[in-house]
Amino acid sequence: MRLRIAPGELALALFFALLGALWIVAALRMPLWSGFVPDSGFMPLWYGAILVALAGAILVFNKDRKTEDPVGKPLLVVALVAATVLGLQLAGFAPSIFLMLLALFVAVERLPLARSIAVAAGTSGVLHLVFKTWLGVPLPVGPLGI
Amino acid sequence: MELLAQLGQGFAAALTPAHLLMCLLGVVLGQVIGVLPGIGPSAAIALLLPLTYGASPTGAIIMFAGLYYGAQYGGTLTSVLINVPGESTSVMTTLDGYQMALQGRGGVALGIAAIGSFIAGVLGTIGLMLLAPPLAKVALAFGPPEYCMLVLLGLTALAAVGGSVLKGLATGVAGLLLGTIGIDPQIGAPRFHFEQSWLLDGVDFIILAVALFGVGEVLASCRMASANPILNVGRVLPNRAEWRQAWAAILRGSGIGFLIGVLPGAGATIASFVGYIAEKKVAKDPSRFGKGAIEGVAAPESANNAASAGAMVPMFALGVPGSNTTAVMLAALIMFGLRPGPDMFTTNATLVWAVIASMFIGNLILLLMNLPLAGLFARLLQIRYSWIYPPILAICVTGALSRANNVEDAWLMLGFGVLGWLMKRYDWSAAPMILGLVLGPIFENSLRQSLTLSHGSSAIFVSRPIAAVLLALAVLAVAAPLLFNKKSPA
């Protein structure tokens, strides 16, 4: 059976419906009304219910079925950023960012190696200098002390 | 006449070399801070505060004020060029600014933002000069019911920001829902934090904005990175037709921004949202918005700059901060042994008028600095996207980390980034989600406070004149499109 709605669109609508349902369930465990004023669960319950209703309406009314573009490259980029965030506490801020940039330039974009190293080192160096040295943000530090 | 004499004295004080230097330093630092996501002007002023212990109070406040409105200029650059809002106040600028850049009109987008910000800054400063005491009194009349109705009016715009009404409403309500994460402000109990202590502070606005706009845009565009056409920079100054479209938006944005800036707690972010939405509402063809309408850049940019001047009204006239940044500035005034409050204009007239005069000078410096720089920065668009998007991702990760120094924020940003990508892919507008996240906590808080005040009677919203007018406007905002527009919902 051919779906009337694109799979990604369906996933989004279901995600928002699930989010709304989660909020409804959690809100019902909270006090809804206290004296003459709404309590912690009141507004979240309404928001959840409205979101479920809207997501349902989108599933019913949406008639667009767009052509699906390939998702390989964006997913590869997501994986590299995830690896970088994982590596932040192991390798430190500057090395993780440097490696992410280098991987994106060389492995994903097939850009020249020497220029990629220079841009990756320059960018991670400037970010470290501005945020860590100048603004005093305590960014994660690795074995190299950066 | 007395006003002009005081302003003259203010200029005499502001034009001394030391104060000019502080003004220049403030606006340049503000511009840089504005570009960096995750670091806002309030954090920057707090960081600089210890460095000004030995400085004159007038010089320090001139620098802080310059940093505040300079940041509003700086946030525009990244919004237009790479779709990453450097400041929360520039989120709305991304909607049309980036589209203008993609159409080879990045220079004009930055140019009109600089001109609009300058005009709004000057008008806002005139407003501060003339209207500070009376407006401060009106701002004090804004209690929870008025705030609640003001936010309700803002919420009616959720569907208006995006393309599809249903999708706009859904993402807006999702934003409202995300706004309930953290500590319940009324009773102090945690909710929706899923036993994660880092979620007790809630979802930060800038994390969501950077993720949905920055990471989402990168993921959506990286597939075509090597094939992306090299974009024309274009001219910086708007032509006659563009100017005709933008001038009214600048004036409206300035007025809206200044008035919202005056309200304690509302701030430049809400001002930019309302400025954009109002412009879309009055436009003859609202469908141009989100596709590179110059008014979509002019209005929010004017509004956020005018709001920064407006936020000084309650600070100087009442000793009440109008925004996070003026709260830190207020702390600075107290640190210098000054007593902010109604008698500030008489007991510290030299300082107040020097700061007001410096705001005229600072806005002029920013205009002179930004017009030539706009063209220069816009040239970034000529670099191949393969070289651009990896550093954008690095800036996004750094911005997320620097918000509260925890890695969980970076994970949250990545998660929302993937959501932003999917939303972009299927034309779900991201802006209503941000609007919902900003307005949700204010709405819930003010609603509960209002009902506490009225012992549960909702008549409080119609018995107070300002609240009743705002409620009527909200009803009109919903009813008018339904009555006069036969658009399909999805």
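Everything numeric in this text was worked out from a predicted model, so none of it was measured.

### Points about the overall build of chain B
And then number 1: Scanning chain B for helices and strands turns up 22 helices and 2 strands.
And then number 2: Expected size for 490 residues packed as a compact globule is a radius of gyration near 23 Å; at 22 Å, chain B falls within 12% of this value.
And then number 3: For chain B, the spread of C-alpha atoms along the principal axes amounts to about 60 × 60 × 50 Å.
And then number 4: Taking the intrachain contacts of chain B between residues at least 6 apart in sequence as the baseline, contacts between residues at least 24 apart amount to 81%.

### Looking at the overall build of chain A
And then number 1: Of regular secondary structure, chain A possesses 5 helices and 2 strands.
And then number 2: Each helix (α) and strand (β) of chain A, taken in turn from the N terminus, gives the series α-β-β-α-α-α-α.
And then number 3: The C-alpha atoms of chain A give 23 Å as radius of gyration, which overshoots the globular expectation for 146 residues (15 Å, by more than 25%).
And then number 4: Reported as C-alpha extents along the three principal axes, the dimensions of chain A are approximately 60 × 50 × 20 Å.
And then number 5: Buried positions account for 35% of the 146 residues belonging to chain A.
And then number 6: Intrachain contacts of chain A at a sequence separation of at least 6 include 55% that bridge at least 24 residues.

### Thoughts on helix α4 (residues 93-108) of chain A
And then number 1: The first and last C-alpha atoms of α4(A) sit 21 Å apart over 16 residues, in line with the 22 Å expected at 1.5 Å per residue.
And then number 2: Listed as buried for α4(A) are Phe93(A), Ala94(A), Ser96(A), Ile97(A), Phe98(A), Met100(A), Leu101(A), Ala103(A), Leu104(A) and Phe105(A).
And then number 3: Of the surrounding secondary structure, the elements contacted by the buried residues of α4(A) are α3 (72-91) and α5 (113-134) of chain A together with α18 (385-404) of chain B.
And then number 4: Where α4(A) ends, the next residue or the one after it, Arg110(A), has phi of about 55°, a positive value.

### Things to note about helix α1 (residues 7-28) of chain A
Residues and elements named next belong to chain A.
And then number 1: Under the 1.5 Å per step criterion, the end-to-end length of α1 is 31 Å for 22 residues, consistent within 8% with the ideal 32 Å.
And then number 2: Among all positions of α1, only Glu9, Leu12, Ala13, Phe16, Ala17, Leu19, Gly20, Trp23 and Ala27 are buried. Taken down its axis, α1 places every buried residue within 150° of arc, on the same side. Residues Pro7, Leu14, Val25 and Leu28 are exposed on α1 and point more than 90 degrees away from its buried face.

### Thoughts on the interface of chain A and chain B
And then number 1: Tallying the contact residues gives 57 residues for chain A and 53 residues for chain B.
And then number 2: At the level of secondary structure, the elements contributing two or more residues to the side of chain A that touches chain B comprise α1, β2 (37-38), α2 (42-61), α3, α4 and α5 of chain A.
And then number 3: Per-element tally for the side of chain A that touches chain B: the top contributor is α2(A), with 11 residues.
And then number 4: Class assignment of the residues belonging to the side of chain A that touches chain B gives a composition of 43 nonpolar, 9 polar and 5 charged.

### As for the confidence of the model for chain B
Residues and elements named next belong to chain B.
And then number 1: Averaged over chain B, the pLDDT score is 84; the fraction of residues at 70 or greater is 91%.
And then number 2: Mean pLDDT values over the elements of chain B span from 65, in helix α8 (residues 158-161), up to 94, in strand β2 (residues 190-191).
And then number 3: Of the regions scoring below 50 in pLDDT, residues 486-490 engages in 8 contacts with residues more than four places distant in sequence or in other chains.
And then number 4: For this predicted complex, the interface score ipTM comes out at 0.94, alongside a pTM of 0.80.

### Here we look at the nonpolar core
One recurring pattern in soluble globular proteins is that nonpolar side chains are buried together.
And then number 1: Of all hydrophobic cores here, the largest spans 205 residues; its most connected members are Leu51(A), Val210(B), Met413(B) and Ile434(B).
And then number 2: Of all the elements, helix α6 (residues 106-140) of chain B adds the most residues to this core, at 16 residues.
And then number 3: Beyond its immediate sequence surroundings of up to four residues, Met413(B) is in contact with Ile207(B), Val210(B), Ala211(B), Val215(B), Cys396(B) and Ala400(B).

### Here we look at the environment of Pro44(A)
And then number 1: Here Pro44(A) lies in helix α2.
And then number 2: Pro44(A) sits 12 residues away from Gly56(A) along the chain, and the two C-alpha atoms are 18 Å apart.

### Some remarks on the packing of α4(A) against α5(A)
Residues and elements named next belong to chain A.
And then number 1: Taken N-terminus to C-terminus, the directions of α4 and α5 make an angle of 150°; their axes are 9 Å apart at the nearest point. Read as a crossing pair, α4 and α5 show a hand that is right-handed. For the pair formed by α4 and α5, the contact residues are Phe93, Ala94, Ile97, Phe98, Leu101, Leu102, Phe105 and Val106 on the first element and Leu113, Ser116, Ile117, Val119, Ala120, Ala121, Thr123, Ser124, Leu127 and His128 on the second.
And then number 2: For the contact of α4 with α5, the per-class residue count stands at 14 nonpolar, 4 polar and no charged.

### Some details on the environment of Leu28(A)
Residues and elements named next belong to chain A.
And then number 1: Within the fold, Leu28 resides in helix α1.
And then number 2: Remark: the alpha-carbon pair of Leu28 and Leu45, spanning 17 residues in sequence, is separated by 7.0 Å.
And then number 3: Setting aside chain neighbours within four positions, we find Leu28 in contact with Gly41 and Leu45.

### Focus: the confidence of the model for chain A
And then number 1: Across chain A, pLDDT averages 90, with 94% of residues at or above 70.
And then number 2: Mean pLDDT in chain A bottoms out at strand β1 (residues 33-34) of chain A, which sits at 89, and peaks at α4(A), which reaches 96.

Reading the values: rules and limits
Residues numbered from 1 in each chain as written. Chains lettered and ligands numbered in written order. Predicted model: local features only at pLDDT ≥ 70, side-chain atom pairs only at ≥ 80, totals over all residues. Helix = DSSP H or I, 4+ residues; strand = E, 2+ residues; numbered from the N terminus. Rg over C-alpha atoms; globule rule 2.2 N^0.38 Å. Contact = placed C-beta atoms within 7 Å. Buried ≥ 20, exposed ≤ 12 C-beta atoms within 10 Å, placed from the backbone. Expected span 1.5 Å × (residues − 1). Arc of directions from axis to C-beta. Nonpolar A, V, L, I, M, F, W, Y, C, P; charged D, E, K, R; others polar. pLDDT = per-residue confidence, 0-100. Core = buried A, V, L, I, M, F, W, Y, C linked by C-beta atoms within 7 Å. Axes fitted to C-alpha atoms, helices over the stretch in contact; angles between N-to-C directions. Left-handed = near helix turned anticlockwise from the far one by under 90°.

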